Amino acid sequence: MKQHPFNLNKWQHWLALGFGSGLAPKAPGTFGTLAAIPLLYLVWPFGIWWAAAFVVLGTLLGVYICDVVSRDIGTADHGSIVWDEVIGFAITMFAVPLSLTNLLVAFLLFRLLDIAKPWPIRWFDRNVHGGFGVMLDDIIAGILACALLHSVWLPLQI
């Protein structure tokens, strides 16, 4: 069995791995996105200000932990680092009511944008580096997915 380069005794590694979800042998980004769902259920009921605080603090923390872990393992953006997916999905779901249907549509939109990396996501993915670069392409994918949810999906539900 291939040993992963992460030190699970360091909290930065554990968080960057999305509580271990990034260690999935296939599609770690998808599993990292799924790891965001319980966090949404913990934070979203407290209202939009708590959701905003989670996104902002999670982003700042993510820049730090993604930078630390990338330096520790010597790889700029290892596929198992999925905290960026956690925050990207939280951004996607910002001010979106938690329901199974909304989560499913948001999940599909976010994963599609994160995997396909259309412009401008691809540009940022290729040109911005460090912990900020790891986070930024998923932040932009989350913003675009959130905009699509609010402009197309949510009006259809009324």
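What you see is a predicted model; the values in this text were computed from it and never measured.

Draft legend 1. Structural context of the pattern of salt bridges. For the structure on display, the rule yields five salt bridges. With a closest N to O distance of 2.8 Å, Lys10 and Asp72 form a salt bridge. With Lys10 in the segment before α1 (11-16) and Asp72 in helix α3 (residues 48-73), this pair connects stretches of sequence that are 62 residues apart. By relative accessible area, which is 29% here, Lys10 ends up partly exposed. The exposure class assigned to Asp72 is partly exposed, which follows from its relative accessible area of 39%.

Draft legend 2. Quick look at helix α5 (residues 100-116). With 17 residues, α5 ought to run about 24 Å at 1.5 Å a step, and its terminal C-alpha atoms sit 24 Å apart, in line with that. What α5 keeps buried is the set Asn102, Leu103, Ala106, Phe107, Phe110, Arg111, Leu113 and Asp114. Viewed along the axis of α5, the buried residues span an arc of 165°, placing them on a single side of the element. Those residues of α5 that are exposed and angled more than 90 degrees off the buried face are Leu104, Leu108, Leu112 and Ile115. Where α5 is buried, its residues touch α2 (28-43), α4 (83-92), α6 (121-127) and α7 (130-156).

Draft legend 3. The side chain of Asp84, seen in detail. By the secondary structure assignment, Asp84 is in helix α4. The side chain of Asp84 is buried and forms no salt bridge, while Lys117, the nearest opposite charge, is found at 6.8 Å. In this structure Asp84 touches Val134, Met135 and Asp138, once residues within four positions along its chain are discounted.

Draft legend 4. Seen up close, the environment of Ser99. For Ser99, the position within the fold is in the loop between α4 and α5. You can call Ser99 partly exposed: its relative accessible area is 26%. Here Asn102 takes part through its backbone nitrogen, which lies 3.0 Å from a polar atom of the side chain of Ser99.

Draft legend 5. Fine view of unusual backbone geometry. Cis geometry is adopted by the peptide bond preceding Pro120, which originates at Trp119 and carries an omega value of 5°. Take Pro120: it is sitting in the loop between α5 and α6. Non-glycine residue Phe19 carries a positive phi angle of around 60°. The residue Phe19 is located in the loop between α1 and α2 in this model. On the basis of relative accessibility, which here comes to 36%, the residue Phe19 falls in the partly exposed class. If you check the backbone angles, Ala95 has positive phi at about 60° while not being a glycine. Here Ala95 is to be found in the loop between α4 and α5. Exposure remark for Ala95: the relative accessible area of 40% places this residue in the partly exposed category.

Draft legend 6. Expanded view of the confidence of the model for the protein. For the protein, mean pLDDT is 94; residues scoring 70 or higher make up 98% of the total. Ranking the elements of the protein by mean pLDDT puts α6 last with 93 and α4 first with 98.

Draft legend 7. Examining α4 more closely. Among the ten residues that make up α4, ten are buried, leaving the element largely enclosed by the rest of the structure. For α4, the set of buried residues is Trp83, Asp84, Glu85, Val86, Ile87, Gly88, Phe89, Ala90, Ile91 and Thr92. On its buried face, α4 sits against α1, α2, α3, α5 and α7.

What counts and what doesn't
- Residues numbered from 1 in each chain as written.
- Predicted model: local features only at pLDDT ≥ 70, side-chain atom pairs only at ≥ 80, totals over all residues.
- Heavy atoms only, no water.
- Salt bridge = Lys/Arg side-chain N within 4 Å of Asp/Glu carboxyl O.
- Helix = DSSP H or I, 4+ residues; strand = E, 2+ residues; numbered from the N terminus.
- Buried < 20%, exposed > 50% of the residue type's maximum accessible area, 1.4 Å probe, protein only.
- Expected span 1.5 Å × (residues − 1).
- Arc of directions from axis to C-beta.
- Contact = heavy atoms within 4.5 Å.
- Lys, Arg positive; Asp, Glu negative; His and termini not counted.
- Polar contact = N/O pair within 3.5 Å; in protein donor to acceptor, adjacent residues only side chain to side chain.
- pLDDT = per-residue confidence, 0-100.

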